[in-house]
Amino acid sequence: MIKTLAPKSPDPLLKIIKMFREDTRSDKIDLGVGVYKDARGNTPVMQAVKDAEALLLATQKTKTYVGQQGDVDFLKLVGQLAFGEMARDFVSIQAVGGTGALRLGCDLLRESGAKRIVLPQPCWPNHPAIVRAARLKALDAPFFDVAEQRIDMDALMDGITQAERGDAVILQAVCHNPLGADFSADQWLELADALNARGIIPFLDLAYQGFGDGIDEDVAGARAFLERVPEAVIAVSEAKTFGIYRERVGALYVKSAEKARPAVMSNLAAIARANYSMPPDHGASIVREVLGDEALRQSWRDELDAIRGHMKRTRAKLAEARVNSLPMHLIAGQKGMFSTLPLSEAQVGRLREEHGIYMTDSARINVAGLREADIPRFVEALKAVA
Ligand SMILES: Cc1ncc(COP(=O)(O)O)c(C=O)c1O
């Protein structure tokens with residue numbers, strides 16, 4: 001039977017990574033890969049993470065399994081960081097990265113009777129795959145005008161009408177990947193009212209806390225939204241916030257009526273048990289140590305502030321550029337690592353072939369991948385193709 005398997009096409013980003021690697025031009029620019037890079041093009045380990053690891057190495061007494069729910073102190077600290085006091089009433093479980101949390105959440109929604117999940121488009125390209133893997137139907141809802149760099153709430157509301165009571169919609173909490181465009185405070189509240197009226201469950205994806213305007217500022221809209229809805233599922237990734245991508249640190253939080261919570265917890269435990277049994281410990285322990293210690297926490301916050309400052313400066317520089325029809329000034333107002341430029345696949349191809357500048361075919365750029373010294377050349381290349 002195995003010999004009958006049909007091959008699957010690889011992630012399109014892998015193709016870009018390979019082409020970049022094989023490009024021999026010394027001034028090539030990589031805006032494709034979705035990791036933070038500092039001014040020297042490195043993705044460094046944060047000092048607080050190094051210090052927490054040293055502490056763990058010196059003090060950890062056992063490597064036996066953590067419990068089914070995962071590290072409870074980690075879950076409390078991350079919950080507090082993301083949702084404040086509200087988190088005390090949320091059911092939570094550690095997950096294998098934000099991706100694992102998204103999958104747990106989709107499986108839970110299916111168990112609870114959901115059949116469809118609305119995906120505001122463009123979305124993170126892994127969302128549809130996760131939804132389908134959980135045997136849910138992915139419904140596309142276009143919601144962003146790339147030419148004008150503007151969220152179209154009417155289009156989103158229209159898209160949501162495809163869903164039925166008990167279905168869900170995935171909403172990115174902050175620093176949208178791939179758009180960099182987030183809901184305003186008013187849009188969050190409008191969404192809460194619309195979902196409540198139709199009985200649609202919000203599934204929030206929080207993967208970039210601290211990359212926008214600040215730890216608390218970045219979740220203000222999502223918190224106000226969560227206060228207003230009776231039920232919600234939230235996937236959290238700490239990959240970017242702590243720069244610990246490969247440690248696979250994430251968690252799933254569920255807001256529900258008090259009497260439903262034991263069933264939510266036991267369903268999540270059963271889904272996790274049949275999937276990977278127990279979560280990994282190291283990355284969650286790092287986050288627990290950093291958040292639980294005043295000095296480490298301060299050091300981490302300082303470094304995160306610097307990371308955010310670097311991205312904001314790059315955005316501000318890009319916004320000063322005048323590139324024919326491209327609305328460069330709007331990019332400055334966007335948040336996090338990503339923006340999507342209104343370029344055709346042919347224009348993206350010319351940037352790659354003629355200028356050695358790499359981005360996804362959909363023209364998503366990783367702002368953090370652009371070194372200050374490369375900005376003028378990037379702008380000139382944009383002028384040549386756009
Ligand atoms: C929007 C979004 N959600 C979730 C994730 C998952 O992060 P991870 O599985 O690496 O924790 C990512 C990672 O790129 C993302 O961009």
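The name that an unreviewed UniProt entry assigns to the protein chain is Aromatic-amino-acid aminotransferase, with the source organism given as Terricaulis silvestris. Taken directly from UniProt, the Cofactor (unreviewed entry) text for the protein chain runs: "pyridoxal 5'-phosphate". Comment text from UniProt for the protein chain, heading Sequence similarities (unreviewed entry), reads "Belongs to the class-I pyridoxal-phosphate-dependent aminotransferase family."

K.L.:
Tell me what's going on with the overall build of the protein chain, and back it up with residues and numbers.
P.N.:
A count of helices and strands for the protein chain gives 14 helices and 13 strands. Taken over the C-alpha trace, the protein chain has a radius of gyration of 21 Å; the compact-globule value for 386 residues is 21 Å, and the two agree within 12%. Along the first, second and third principal axes, the C-alpha atoms of the protein chain reach 60 × 55 × 55 Å. For the protein chain, buried positions account for 53% of its 386 residues. Long-range contacts, defined here as pairs at least 24 residues apart, represent 75% of the contacts in the protein chain between residues at least 6 apart. By element, 52% of the accessible surface of the protein chain is carried by carbon and sulfur atoms, the whole surface being about 17,600 Å². Across the protein chain, the 49 positively charged side chains and the 51 negatively charged ones have centroids separated by 5 Å.

K.L.:
Residues and numbers for the domain arrangement of the protein chain, please.
P.N.:
Splitting the protein chain by domain gives domain 1 (2-45 + 296-385) and domain 2 (59-294). Here the C-alpha centroids of domain 1 and domain 2 sit 25 Å apart. At the junction of the two partners, domain 1 supplies 26 residues and domain 2 supplies 30 residues. Across the domain 1/domain 2 interface, buried area totals approximately 2,500 Å², and carbon plus sulfur atoms make up 59% of it. If you sort the residues of domain 1 by the area they bury against domain 2, R297, W300 and K335 come out on top, with a joint share of 26%. The interface formed by domain 1 and domain 2 includes two salt bridges. Among the ionic pairs, K312 bridges to D213, the shortest N-O distance being 2.9 Å. In this assembly, domain 1 and domain 2 are joined by 17 residue pairs in polar contact (both at pLDDT 80 or more). With 10 residues, the single largest contributor to the side of domain 1 that touches domain 2 is helix α11 (residues 294-320). A class-by-class count of the residues in the side of domain 1 that touches domain 2 yields 13 nonpolar, seven polar and six charged.

K.L.:
Describe the UniProt feature "domain: Aminotransferase class I/classII large" (unreviewed entry) in the protein chain, listing the residues and the values that go with them.
P.N.:
UniProt tags residues 27-382 as "domain: Aminotransferase class I/classII large" (unreviewed entry). Taken end to end, residues 27-382 is 44% helix and 16% strand, and its first and last C-alpha atoms sit 15 Å apart.

K.L.:
Tell me about the environment of D193, and please be specific about residues and values.
P.N.:
When you line up the elements, D193 lands in helix α7 (residues 185-198). For the pair D193 and E258, spaced 65 residues apart in the sequence, the C-alpha separation amounts to 22 Å. Reaching out from D193, the side chain makes a polar contact with the side chain of R228 at a distance of 3.0 Å.

K.L.:
Any details on helix α5 (residues 126-133)? Residues and values, ideally.
P.N.:
Taken residue by residue, α5 has H127, P128, I130 and V131 as its buried positions. The arc that holds every buried residue of α5, seen down its axis, measures 165 degrees, which confines them to one face. The inward-facing, buried residues of α5 abut α4 (97-111), β3 (116-121), β4 (137-142), β7 (168-172) and β8 (201-206). Just past α5, the residue R135 takes up positive phi, approximately 60 degrees.

K.L.:
Now, about the site of the ligand: what can you tell me, with residues and values included?
P.N.:
Taken together, 14 residues are adjacent to the ligand, and T99, D205, Y208, S237 and K240 come closest. Here an oxygen atom of the ligand and a side-chain polar atom of T99 are 2.5 Å apart. In this structure, D205 approaches the ligand through a side-chain N or O atom, which is 2.6 Å from a nitrogen atom. Protein chains shield 91% of the accessible area of the ligand, which is 390 Å² for the free molecule. Its residues assigned to classes, the shell around the ligand shows five nonpolar, six polar and three charged.

K.L.:
Break down the pairing of β7 for me, with residues and values.
P.N.:
Counting buried positions along β7 yields five of five residues, so the element is predominantly enclosed. With burial as the criterion, each face of β7 is covered, one bearing A168, I170 and Q172 and the other bearing V169 and L171. Direction of pairing for β3 relative to β7: parallel, over a ladder of two bridges. Paired with V118 across the strands is V169, a residue of β7. In this structure, β7 lies alongside β8, joined through five bridges in parallel fashion. Its bridge partner being in β8, L171 is matched across the sheet by L204. On the question of chirality, the crossover connecting β7 to the parallel β8 by way of α7 is right-handed.

K.L.:
Which residues make up the packing of aromatic side chains, and what values do they have?
P.N.:
The final tally for this structure, using the stated rule, is 11 aromatic pairs. When the ring of F83 is compared with that of Y253, the centres are 5.2 Å apart and the planes differ by 70 degrees; the resulting orientation is edge-to-face. With F83 in helix α3 (residues 72-83) and Y253 in strand β10 (residues 249-255), this residue pair connects regions lying 170 residues apart in the sequence. On the accessibility criterion, F83 (5% relative accessible area) is buried. One aromatic cluster is present, built from ring pairs that chain together F143, F144, F183, W188 and F225. Above the plane of the ring of F20 lies K28, whose end atom (NZ or CZ) is 4.5 Å from the centre.

Reading the values: the criteria
- Residues numbered from 1 in each chain as written.
- Predicted model: local features only at pLDDT ≥ 70, side-chain atom pairs only at ≥ 80, totals over all residues.
- Heavy atoms only, no water.
- UniProt positions renumbered as here; feature names shortened; annotations may be inferred.
- Helix = DSSP H or I, 4+ residues; strand = E, 2+ residues; numbered from the N terminus.
- Rg over C-alpha atoms; globule rule 2.2 N^0.38 Å.
- Buried < 20%, exposed > 50% of the residue type's maximum accessible area, 1.4 Å probe, protein only.
- Contact = heavy atoms within 4.5 Å.
- Areas by Shrake-Rupley, 256 points an atom, 1.4 Å probe, with all protein chains shown as cover.
- Lys, Arg positive; Asp, Glu negative; His and termini not counted.
- Charge placed at Lys NZ, Arg CZ, Asp CG, Glu CD.
- Domains from an automatic or database assignment.
- Buried area = accessible area lost by both parts, 1.4 Å probe.
- Salt bridge = Lys/Arg side-chain N within 4 Å of Asp/Glu carboxyl O.
- Polar contact = N/O pair within 3.5 Å; in protein donor to acceptor, adjacent residues only side chain to side chain.
- Nonpolar A, V, L, I, M, F, W, Y, C, P; charged D, E, K, R; others polar.
- Arc of directions from axis to C-beta.
- Near = heavy atom within 4 Å.
- Pairing = 2+ DSSP bridges.
- Right-handed = clockwise from strand over helix to strand, strands pointing away.
- Phe/Tyr/Trp six-rings, centres within 6.5 Å; stacked < 30°, edge-to-face > 60°.
- Lys NZ or Arg CZ within 6 Å of the ring centre and 35° of its normal.

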